[in-house]
Structures are given as structure tokens and as C-alpha cells.
Amino acid sequence: MRTQFQFKENRLLQTPAGDATLRVSKLAATEQAEVIRFLSQRPDRTFGLLGFIHGNGLISAHNRGTFYACRDARGELQGVALIGHHLLFEARNEAVIAAFARLAQQCPAVYMLLGDHEDVQTFWSYYAPGGAEARLFCRQLMLEQRWPSAARAPVAGLRLARPDDLELIVPVHAQMVFEECGDNPLRKDAEAFRSRCLRRIENRQTWVLIEGGRLIFKSDVFSDTPELIYLEGVWVNATERGKGYGKRCLSQLTGELLTHSRAICVLVNESRRSAQDFYCRNGFATAGVYDTIFLDQKIC
């Protein structure tokens, strides 16, 4: 039997008599070190949350949402969630997942839910009755690399992007977003999207290969911790595919990143077999299954 919950004054109480009390509250900047320690215990599940925290801190408009903690009767952390445009969470048990799901029902701006397959299914069972409807469901494989792949010929021009590369990066990243979720971010809010791309560049998260004024390769380091690095937005110019650019650039980039982290991971849609094969040929192996649910927002 699933635990029943009720919200009252930003507190979450289990209703069955004798059960422990869970409390959900907004996180404060002073709790950041504690939260990072908690999330670092399972980096393969928390790389998204850690990416936002390391990049922006717990309290920042750049998170596009609010960080919450779920604590037990002793005040110990049992879960952390970011609820806003992105819905990400780490929970130690089903009761905590249900708590975050009930809270998320009250947030009309939720756009995307992402997490481990089993956790997302549990979350959805609590969220769906009173939450937004699902617009698109995607299943993804988490692929992981723990050691550098075989050395390939170096790519002299692979480098961190600069602000003057923005005009080449924005349309490519926007197209990738559109292909993944069906929304064109340049139509919804072009200025905000450009600002987010520029912020990644300024934070030294975007790697590029540019030749003759053309973008050949791009990748973003969304989360970078000693335990795990999460890459997203890996792209090779369609007119240059089959020439080894992707293999050489990825090999060089992962070799560099693995000098300061134990592992690198990517998420690949289960329907993109060619992309899965590409990563597997370059030293990645399947490490898990993730679900992404894109929601019909109640407000834009």
C-alpha cells in the first residue's frame, strides 16, 4: 500500500499513525556543502543536480527552479530535488519520491522530468493524477567511460569555445533541442536561449572544433565532478561525418577530462542506434536506463 501524504505550510507529513515524519523545505545557500556530500554518494544518478549546483549554486535564477530538501525526523537528508523548468530529484526511498511528486504538482512551470527509469516510473505514479499531462516520453541509455579510449591522431584545433563563437553554436544547439523534444527554443525565447549558450561558453563548458569559419564538432560539459562528468550536445557537422572528426575529437576530449574525473557519461535515446554504436566504439558501455518525460506546461 502506497503511503498517503498531505502538504501544509511547506511541510510534508505522512498520515499513517506511527510513521516517521518527513519535512520538505526550500534549501538555503548555507546548506550547499551538505547537499553536495549527499548527492556525491550516487553520482551516476545525481549528475544533473550536481551540474546545476556546481555551475550556479543552490540559489540562482540560472537554475530556472528551486532546490528542495526532504529530511527525516532527525533532520537528516533523505532527498534533494530541483523543481522548476527541469524536474530532477534524488531520493532514498519511495516516500521521499512521493513527497517531491506532490510538491511538483503545485509548480505550473515544470517542463521536463529526467531520472533513473525506476525512479521516474515511481514518481509519475504519484505525480500524474494531479500534475501536467505528458507530451513526449523518451527512454535513454546511460553510456559510461571509465578510462581513455585508444589514442587517436590529435585534433590541433579542438578548444574551449569563445564568446565570438556564439553565432555558430546557437543554431546547432537549438536544432539539437528541437530534434530531442520537438520545441524550437529560438521561437519560444531566443534571447534567453542565446544567453544560456553564452553562459556555458563563459563558464568554459563548451568545446568546439572550427575550421574555415565552420563549426565541425561541438560538445558541452554540463556537470564536472571528481566522480563523474556528464557530456551533452555532442555534435558533428553532417557534411563532415565519416571523416573521423567525431572519433578523434571525442577521444581527445575524454582523454583530457578523465585526467581529473573517474568517469564520463552521456545519455543517448534508445532509438538512435548509430549514436549508441559510435559511443561504444569509443570506449563507452551501457551503465543504466533513464527516462525523460516532456510535459505540457500549464504556463509558459
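Residues numbered from 1 in each chain as written. Predicted model: local features only at pLDDT ≥ 70, side-chain atom pairs only at ≥ 80, totals over all residues. Heavy atoms only, no water.

Caption draft 1: Region of the structure containing the layout of surface pockets. Looking at the second largest pocket, its volume works out to about 200 Å³. Lining the second largest pocket are 13 residues; nearest its centre among them are N203, Q205, V221, F222 and D224. Secondary-structure elements contributing two or more residues to the lining of the second largest pocket are α2 (43-56) and β11 (214-224). Tallied by class, the residues present in the lining of the second largest pocket amount to five nonpolar, six polar and two charged. (1 Å grid on protein atoms, 1.4 Å probe; cavity = no way out; pocket = protein on both sides within 12 Å on 5 of 7 lines; lining within 4 Å. Points joined across faces, edges and corners; volume = space filled by probe spheres on them. Helix = DSSP H or I, 4+ residues; strand = E, 2+ residues; numbered from the N terminus. Nonpolar A, V, L, I, M, F, W, Y, C, P; charged D, E, K, R; others polar.)

Caption draft 2: Broad picture of helix α4 (residues 117-127). Taken together, the buried positions of α4 are occupied by H117, D119, V120, F123, Y126 and Y127. Taken together, the buried residues of α4 touch α2, β6 (86-91), α3 (94-104), β7 (112-116), β8 (134-145) and β14 (285-295). Two to three positions downstream of the cap, the backbone nitrogen of E118 sits 3.2 Å from a side-chain oxygen, assigning the N-cap of α4 to D116. (Buried < 20%, exposed > 50% of the residue type's maximum accessible area, 1.4 Å probe, protein only. Contact = heavy atoms within 4.5 Å. Polar contact = N/O pair within 3.5 Å; in protein donor to acceptor, adjacent residues only side chain to side chain.)

Caption draft 3: Representation of the packing of aromatic side chains within the structure. Per the stated rule, a full pass over the model turns up 10 aromatic pairs. Seen in terms of ring centroids, F47 and Y290 are 5.8 Å apart; in terms of plane orientation they differ by 40°. Their pairing is tilted. Within this pair, whereas F47 is found in helix α2, its partner Y290 is found in strand β14, the two being separated by 243 residues in sequence. Here Y290 falls in the buried class, since its relative accessible area comes to 4%. Ring centres of F52 and F222 lie 5.1 Å apart, and the angle between their planes is 80°; on these two criteria the pair is classed as edge-to-face. In this pair, F52 sits in helix α2 while F222 sits in strand β11, placing the two residues 170 residues apart along the sequence. The class for F222 is buried, based on a relative accessible area of 16%. By way of ring pairs, the aromatic residues F47, F52, F222, Y230 and Y290 are connected into one cluster. (Phe/Tyr/Trp six-rings, centres within 6.5 Å; stacked < 30°, edge-to-face > 60°.)

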